[in-house]
Protein chains: 2
Amino acid sequence: MTFQPFLEAIGKQVDNTTYGANPIELYEPIQYIMSLGGKRLRPLLTTLSAHLFTDDWQKTLKPAVAVEVFHNFTLMHDDIMDCAPLRRGKPTVHEKWNANTAILSGDVMLVNAYELLLDVEPVHLPKVIKRFNRTAAEVCEGQQFDMNFETRTDVSQEEYIEMIRLKTSVLLGFAMELGGIIAGADDATTQALYDAGVSMGLGFQLKDDLLDVYGDPEKFGKQVGGDIIANKKTFMLIEALLLAEGETKEQLHYWLAQEQGTYDTATKVAAVTDIYTQLGIDKIAEAKANAYFAHGFDVLQNLPVAEARKKPLLDFADFLVGRES
Amino acid sequence: MTFQPFLEAIGKQVDNTTYGANPIELYEPIQYIMSLGGKRLRPLLTTLSAHLFTDDWQKTLKPAVAVEVFHNFTLMHDDIMDCAPLRRGKPTVHEKWNANTAILSGDVMLVNAYELLLDVEPVHLPKVIKRFNRTAAEVCEGQQFDMNFETRTDVSQEEYIEMIRLKTSVLLGFAMELGGIIAGADDATTQALYDAGVSMGLGFQLKDDLLDVYGDPEKFGKQVGGDIIANKKTFMLIEALLLAEGETKEQLHYWLAQEQGTYDTATKVAAVTDIYTQLGIDKIAEAKANAYFAHGFDVLQNLPVAEARKKPLLDFADFLVGRES
């Protein structure tokens, strides 16, 4: 994989990043969540985007890790709000410690993200902070919309796409834009990188929703069927509610109406998955995800940059499209 | 009051500050907590410190409000952690809405604080963000120490002073330093402003602890005796534990050992207050607070700035020393 050296450099940078020492109760949870791994998708996008314009992509490593720290801060706080017991197969911070610790460690993590961003050259700092602020606020907005949708039954496809754009995609867009800014790309180019990142982010989240239903439990990190059990209003469920008719529609509404704890979850997951497959939702969702990926690729391919410079980034994008976990 | 024009300008700036619009669930709690008032101590210190060096102190208004927004963010999150029902006599955000709302609105408030700081001239931005990051992390550290102290019985005076330095004082120091930086003061001067702010912040918190025991319930915004009821290890309690002997010591330990809900709180507050008075703790705490204030005044008086420029800041410091609420 041509992006392997980037991944290794990011891994080292994460390992060498310190967040503070005293009191230990505040800083230990940060080391913990950062050590749980993950694909390091966002810092990869930053370094790979910088590599489009410079061989000195290593200078983006600290700001790239800032994006990863910010992402993990949102996970730490989202997990409290969602009462999630597990993250990457390990106890969440509020489970391992408590909610207060997860709130306060998360807060100082957000501050740590800004501190890592300070590594950019002063000339880029106002733009970097400005764009990061906008992105961070949008991620919070996305989380709030996601929580609002839990108690609504009339969420439209447009609303769902806008929610995942905010909650997930804009940070991928910012990660790419950041690499461009640090590498000295002009405004039109950094905007193109942002657009590519947002589009691939939408593809990435739709793919995630697909894997949540159709993923291989051995490979997928989370519980397969989790979204179905929670009646999460994903693109797939919204589409199924639009397409289902007659007995299929009745069946779908039957399962949505069951109170948690009153049914066998495996039976529900199997039944709803079956409905999705009958309606061709898997194909529709895959086509939609691929369309977003394709748009991202298009934007990248049109960048006036030598093909060799694009290869690691395009290889990584390919990897994202084909991922099974 | 010579600082009145500064206070009015800050009030207007706070009223004109917007934090975001959609989703309303995310942004309404920010408007709410910012509208609850308070002394606007921190933005006053920023503008008054800038006024030492320039007539154009209005250019510090947005960054000054950044400090106030940050302060209110910490209140919003601390109130969750402390299960506080009231803030400035009104329901706290997690009570009026819920804990998830208070977590997420708080997060976006912290981002808003950074956005308001972006108003400083780019030449000052790296230092301002660097110093703000350090301060923000220290405030979180102070809150963690404060929580740690709840379950400890051996907190020393040094530890308590260090805790309030982190939790309260460094932000007052930063508020003053920020005014100096924006007004173009040199490093030695901004450092002096920081030191003065930290010292006055220690005096301010010790005075707050005193008012918590001896304040006039009509004037003091919080429940008088709250620290005594909670067995909070303040400077006063730690000092009393050091000084008490014989029957007084037994009495003090008796009240500390009572489980909440098993006694009449007014009786405990009266008994412990009486012990403090017998031991002269009120005088000791007042002298300690005044010593910190005096050091702050000294630093300010030694600044090579015309007396007329210092007057509003010194008047405000005087007001803080004499405050009864």
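Counting of residues starts from 1 at the beginning of each chain's written sequence and follows it residue by residue. Chain letters and ligand numbers both follow the written order, the letters beginning at A and the numbers at 1. pLDDT decides what is reported in this predicted model: residues at 70 or higher carry local features, side-chain atom pairs at 80 or more are listed and counted, and totals for whole chains, interfaces and linings draw on all residues regardless. The basis for the side-chain values is all heavy atoms of the structure; hydrogens and waters are excluded.

Account for the domain arrangement of chain A, naming residues and giving values.
Residues and elements named next belong to chain A. As annotated, the domain borders come from an automatic or database domain assignment. Split into domains, chain A comes out as domain 1 (7-185) and domain 2 (188-302). Inter-centroid distance (C-alpha atoms) of domain 1 to domain 2 is 23 Å. Note on contacts: a residue pair is in contact if any heavy atoms of the two residues lie within 4.5 Å. On the domain 2 side, the residues contacting the 32 residues of domain 1 number 24 residues. Buried area is understood as the total, over both parts, of accessible area removed when two parts are fitted together, assessed with a 1.4 Å probe. Summed over both sides, the interface between domain 1 and domain 2 buries roughly 2,200 Å², with carbon and sulfur atoms accounting for 70% of that surface. If you sort the residues of domain 1 by the area they bury against domain 2, Gln157, Tyr160 and Met176 come out on top, with a joint share of 28%. A side-chain nitrogen of Lys or Arg and a carboxyl oxygen of Asp or Glu constitute a salt bridge if their distance falls within 4 Å. At the boundary of domain 1 with domain 2, the tally comes to one salt bridge. We note a salt bridge from aspartate 146 to lysine 232, for which the minimum N-O separation is 2.7 Å. Under this definition, polar contacts are N or O atom pairs within 3.5 Å; protein pairs additionally need one hydrogen-donor-capable and one acceptor-capable atom, and for neighbouring residues in sequence, both atoms have to be side-chain atoms. Between the two partners, domain 1 and domain 2, sit 10 residue pairs in polar contact (both at pLDDT 80 or more).

An account of the interface of chain B and chain A is needed here, citing residue identities and associated values.
Every contact between the two is made by 34 residues of chain B and, on the other side, 34 residues of chain A. Interface of chain B and chain A: buried area, both sides summed, is about 3,300 Å²; carbon and sulfur atoms make up 70% of it. When the buried surface of chain B facing chain A is broken down by residue, Leu104, Val111 and Gln144 of chain B rank first, second and third, together holding 17% of it. The salt bridge partner of glutamate 115 of chain B is lysine 130 of chain A, with a shortest N-O separation of 2.5 Å. Run the count over chain B and chain A and you get 12 residue pairs in polar contact (both at pLDDT 80 or more). Note on conventions: DSSP H or I runs of at least 4 residues are helices, E runs of at least 2 residues are strands, and numbering of each starts at the N terminus. Broken down by secondary-structure element, the contributors of at least two residues to the side of chain B that touches chain A are helix H2 (24-35), helix H4 (61-81), helix H6 (99-117) and helix H7 (125-150) of chain B. The biggest single contributor to the side of chain B that touches chain A is H7 of chain B, with 14 residues. Three classes are used, and their members are as follows: Ala, Val, Leu, Ile, Met, Phe, Trp, Tyr, Cys and Pro are nonpolar, Asp, Glu, Lys and Arg are charged, and the others, Gly among them, are polar. Looking at the side of chain B that touches chain A, its residues break down into 22 nonpolar, seven polar and five charged.

How would you explain the nonpolar core if you had to name every residue and give the values?
Among buried residues, the Ala, Val, Leu, Ile, Met, Phe, Trp, Tyr and Cys ones that are joined through side-chain atoms within 4.5 Å form a nonpolar core. Only protein chains enter the accessibility calculation, which uses a 1.4 Å probe; a residue whose area is less than 20% of its type maximum is buried, one above 50% is exposed, and one in between is partly exposed. Ranked by internal contacts, the top residues of the largest apolar core, which has 227 residues, are Phe70, Tyr276 and Leu300 of chain A together with Phe70, Tyr276 and Leu300 of chain B. Excluding residues that lie within four positions of it along the chain, tyrosine 276 of chain A makes contacts with Val213, Tyr214, Ile228, Met236, Leu237, Ala240, Ile281 and Asp282 of chain A.

Which residues make up the packing of aromatic side chains, and what values go with them?
Only the six-membered ring of Trp is used, alongside the rings of Phe and Tyr, when aromatic pairs are assigned; centres must lie within 6.5 Å, and planes under 30 degrees apart are stacked while those over 60 apart are edge-to-face, with the rest tilted. Applying the stated criterion to the full structure yields 25 aromatic pairs over all chains. Arranged with centres 5.4 Å apart and planes meeting at 80°, the rings of tyrosine 32 of chain B and tryptophan 97 of chain B form a pair that is edge-to-face. In this pair, tyrosine 32 of chain B sits in helix H2 while tryptophan 97 of chain B sits in the loop between helix H5 (93-96) and H6, placing the two residues 65 residues apart along the sequence. Three or more aromatic residues joined by ring pairs form one cluster here, namely Phe70, Phe73, Tyr114, Phe132 and Phe174 of chain A together with Phe70, Phe73, Tyr114, Phe132 and Phe174 of chain B. A cation sits over an aromatic face here: arginine 131 of chain A above tyrosine 194 of chain A, 4.9 Å from the ring centre. Geometrically, a lysine NZ or arginine CZ counts as sitting over a ring once it is within 6 Å of the ring centre and also within 35 degrees of the ring normal. Here the basic side chain of lysine 96 of chain B rests over the ring of tryptophan 97 of chain B, its NZ or CZ set 5.5 Å away from the ring centre.

Lay out the packing of helix H1 (residues 4-16) of chain B against helix H3 (residues 41-51) of chain B in plain terms, naming residues and giving numbers.
Residue and element names in this part refer to chain B. To get an axis, fit a line to the C-alpha atoms, keeping to the stretch in contact for a helix; angles then go from 0 to 180 degrees between the N-to-C directions. In contact at an axis separation of 10 Å, H1 and H3 are set at 125° when each is read in the N-to-C sense. Here H3 runs oblique to H1, going by the angle between their axes. You can see that H1 and H3 cross each other, and the crossing is right-handed. Packed against H1, whose contacting residues are Phe6, Leu7 and Ile10, the element H3 presents Pro43, Leu44, Thr47, Leu48 and His51 at the interface. A per-class count over the contact of H1 with H3 returns six nonpolar, two polar and no charged. An angle below 35 degrees is read as roughly parallel, one above 145 as roughly antiparallel, one from 65 to 115 as roughly perpendicular, and any other as oblique. Helix crossings fall into two classes, left-handed where the near helix is turned counterclockwise from the far one by less than a right angle and right-handed where it is turned clockwise.

I'd love a proper account of the environment of leucine 300 of chain B, names of residues and values included.
Residue and element names in this part refer to chain B. Mapped onto the elements of the fold, leucine 300 is located in helix H14 (residues 281-301). The buried category is assigned to leucine 300, whose relative accessible area is 2%. A C-alpha to C-alpha distance of 25 Å links leucine 300 and leucine 210, two positions 90 residues apart in sequence. Excluding anything up to four places from it in sequence, leucine 300 contacts Met176, Leu193, Ala196, Met200, Lys310, Leu313 and Leu314.

Lay out the relation of the copies chain B and chain A with the relevant residues and their values.
Superposing copies: least-squares fit, C-alpha atoms only, residues required to have pLDDT of at least 70 in both. For the pair chain B and chain A, the relating rotation is 180°, the translation along its axis is 0.0 Å, and the fit reaches an RMSD of 0.0 Å. The relationship between the two copies is best expressed as a two-fold rotation axis. Most of the interface of chain B is mirrored in chain A: 100% of its interface residues are interface residues there too.

Can you tell me about helix H13 (residues 265-279) of chain B, naming the residues and giving the values?
Residue and element names in this part refer to chain B. The span one expects for a helix is its residue count, reduced by one, times 1.5 Å. Between its first and last C-alpha atoms H13 spans 21 Å; for 15 residues at 1.5 Å apiece the expected length is 21 Å, and the two agree. Every buried residue belonging to H13 is among Lys268, Val269, Ala271, Val272, Thr273, Ile275 and Tyr276, and all of these are buried. Check the buried side of H13 and you find it contacts helix H9 (187-214), helix H10 (226-229), helix H11 (235-243), helix H12 (246-257) and H14. Just past H13, the residue glycine 280 takes up positive phi, approximately 75°.

Residue-level account of helix H4 (residues 61-81) of chain A, with values.
Residues and elements named next belong to chain A. Its 21 residues place the ends of H4 30 Å apart at the C-alpha level, agreeing with the 30 Å of an ideal helix rising 1.5 Å per residue. Most of H4 sits out of view: 20 of its 21 residues are buried. Once H4 ends, the next one or two residues include cysteine 83, with phi positive near 50°.

Any chance you could break down the packing of helix H2 (residues 24-35) of chain A against helix H6 (residues 99-117) of chain A for me, citing the residues and the numbers?
Residue and element names in this part refer to chain A. Taken N-terminus to C-terminus, the directions of H2 and H6 make an angle of 75°; their axes are 9 Å apart at the nearest point. The angle between H2 and H6 places the two elements in the roughly perpendicular class. For the pair H2 and H6, contact is made by Glu25, Leu26, Tyr27, Pro29, Ile30, Ile33 and Met34 and by Thr101, Leu104, Ser105, Val108, Met109 and Asn112, respectively. The residue makeup of the contact of H2 with H6, split by class, is nine nonpolar, three polar and one charged.

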